[in-house]
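Summary of the model geometry
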Amino acid sequence: MKPASFDFVAARDMAEALAALREGGDAARVIAGGQSLVPMLNMRLATPATLVDISRIEELRRIESANGAVTIGAAVRQAELAAWPDLAVTLPLIHAALPWVGHMQTRSRGTVCGSVAHADPSAELPLCLLVLGGTVILRRHRRTREVPAEEFFLGMMSTDVAPGEMIAALSLPQARPGEGHAFAEVARRHGDFAIVSCAAKAGADGAVTLGVGGVADTPRLLELAADAAADPATRDDQLNEFAWSLGARDDLHATARYRRELVRRLGRKTIEEALSCRA
Ligand SMILES: Cc1cc2nc3c(=O)[nH]c(=O)nc-3n(C[C@H](O)[C@H](O)[C@H](O)COP(=O)(O)OP(=O)(O)OC[C@H]3O[C@@H](n4cnc5c(N)ncnc54)[C@H](O)[C@@H]3O)c2cc1C
């Protein structure tokens, strides 16, 4: 199918992008890598009056590391982040998860912020953002606001981005000494969206944050205190309760029961891995 017609603004800088978004209001959409939006346009699941292309805005193409955090601009492609030489040391969880995000071809166009904005419940990058306790930096005309990842994802493909607003960047805390990270997922084929994905961060004190994607409408977190994470019986009890709390449903890809079992097994695996690889 072909998309409905729309106006196209190839913004050269932030002022131009924000003006076009302000003018377009509800009927304007950002296009970054187009890897999710273009199929939606083609199927007419999205019919924006104006598309604002942010991919040429130089100030959004930066990855910066300062004061214990990494800032990733909205035009940074997934493949550019994967090729960033500091990635494995500063953001080991993202380093582990990125190869699971689509295919080399989609990563070479799709942006990191676009994946977060799209908010597919099975997507890997929103899950990692949540587990790391990152922040979404939003811009609109004359206003910037910062939203913690925990408040950003409102439901399936629904976020806190308001009309006229765009994600300018993500801020992710750098890995600290003594932390460990692990990522695992099960998908039908490599490159498909996850049936269940798990990401874990273990603190130097042994406490663990586990995130699960692909089950509930948004990625969800389980916090385990150090003694609970270290004790297999307590850990498994908490994982079991967590698996039930996610409200898994049967669908074309998997049964609810299979998803719950994956949460238990992948959850255990990522927790153990994150604890054992603490540097
Ligand atoms: C074959 C295929 C397989 C894929 N597999 C996976 C997978 O396994 N895991 C996965 O996570 N993803 C997967 N994807 C999706 C891919 O990762 C996309 O790149 C990503 O979801 C969207 O990024 P994008 O830059 O292309 O955004 P676009 O497609 O340009 O935009 C997506 C949505 O986000 C909005 N948006 C984009 N940027 C901003 C911004 N800065 N501010 C506000 N709104 C914004 C757009 O308006 C649109 O609603 C797959 C895609 C394809 C085509």
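Just above, that's the structure.
Presented here is an overview of the structure given in this document. Keep in mind the model is a prediction, meaning the values are calculated, not measured.

Calculation notes
- Residues numbered from 1 in each chain as written.
- Predicted model: local features only at pLDDT ≥ 70, side-chain atom pairs only at ≥ 80, totals over all residues.
- Heavy atoms only, no water.
- Core = buried A, V, L, I, M, F, W, Y, C linked by side-chain atoms within 4.5 Å.
- Buried < 20%, exposed > 50% of the residue type's maximum accessible area, 1.4 Å probe, protein only.
- Helix = DSSP H or I, 4+ residues; strand = E, 2+ residues; numbered from the N terminus.
- Domains from an automatic or database assignment.
- Contact = heavy atoms within 4.5 Å.
- Salt bridge = Lys/Arg side-chain N within 4 Å of Asp/Glu carboxyl O.

**Observations concerning the nonpolar core**
With 50 residues, the main nonpolar core has Leu60, Leu81 and Ile94 as its most contacted residues. Broken down by element, this core gets its largest block of residues, seven residues, from helix 8 (residues 124-132). Each of domain 1 (7-53) and domain 2 (60-173) accounts for three or more of the residues forming this core. With residues up to four places along the chain from it excluded, the contact list for leucine 60 reads Met14, Ile54, Gly73, Ala74, Ala75, Val76, Met166 and Ala168.

**Remarks on the environment of alanine 46**
On the secondary structure map, alanine 46 appears in the loop between helix 2 (37-42) and strand 3 (50-53). With relative accessibility at 5%, the residue alanine 46 sits in the buried group. When the C-alpha atoms of alanine 46 and arginine 29 are compared, they prove to be 9.3 Å apart, with 17 residues separating the residues in sequence. Residues within four places of alanine 46 in sequence aside, it is in contact with Arg29, Leu37, Met40 and Leu41.

**Observations concerning the pattern of salt bridges**
Summed over the entire model, instances satisfying the criterion amount to 15 salt bridges. Here arginine 61 makes a salt bridge to glutamate 80, at a shortest N to O gap of 3.0 Å. With arginine 61 in the loop between strand 3 and strand 4 (63-66) and glutamate 80 in helix 3 (residues 78-82), this pair connects stretches of sequence that are 19 residues apart. Residue classification places arginine 61 among the partly exposed residues on the basis of a relative accessible area of 32%. Here aspartate 160 ties to arginine 145 by a salt bridge, and the two come within 2.9 Å at their closest N and O atoms. Here arginine 145 lies in strand 7 (residues 143-148) and aspartate 160 lies in the loop between strand 9 (158-159) and strand 10 (166-173), a separation of 15 residues in the sequence. On the basis of relative accessibility, which here comes to 25%, the residue aspartate 160 falls in the partly exposed class. Each of Arg235, Asp236, Arg268 and Glu272 takes part in salt bridges that share partners, so that together they form one network.

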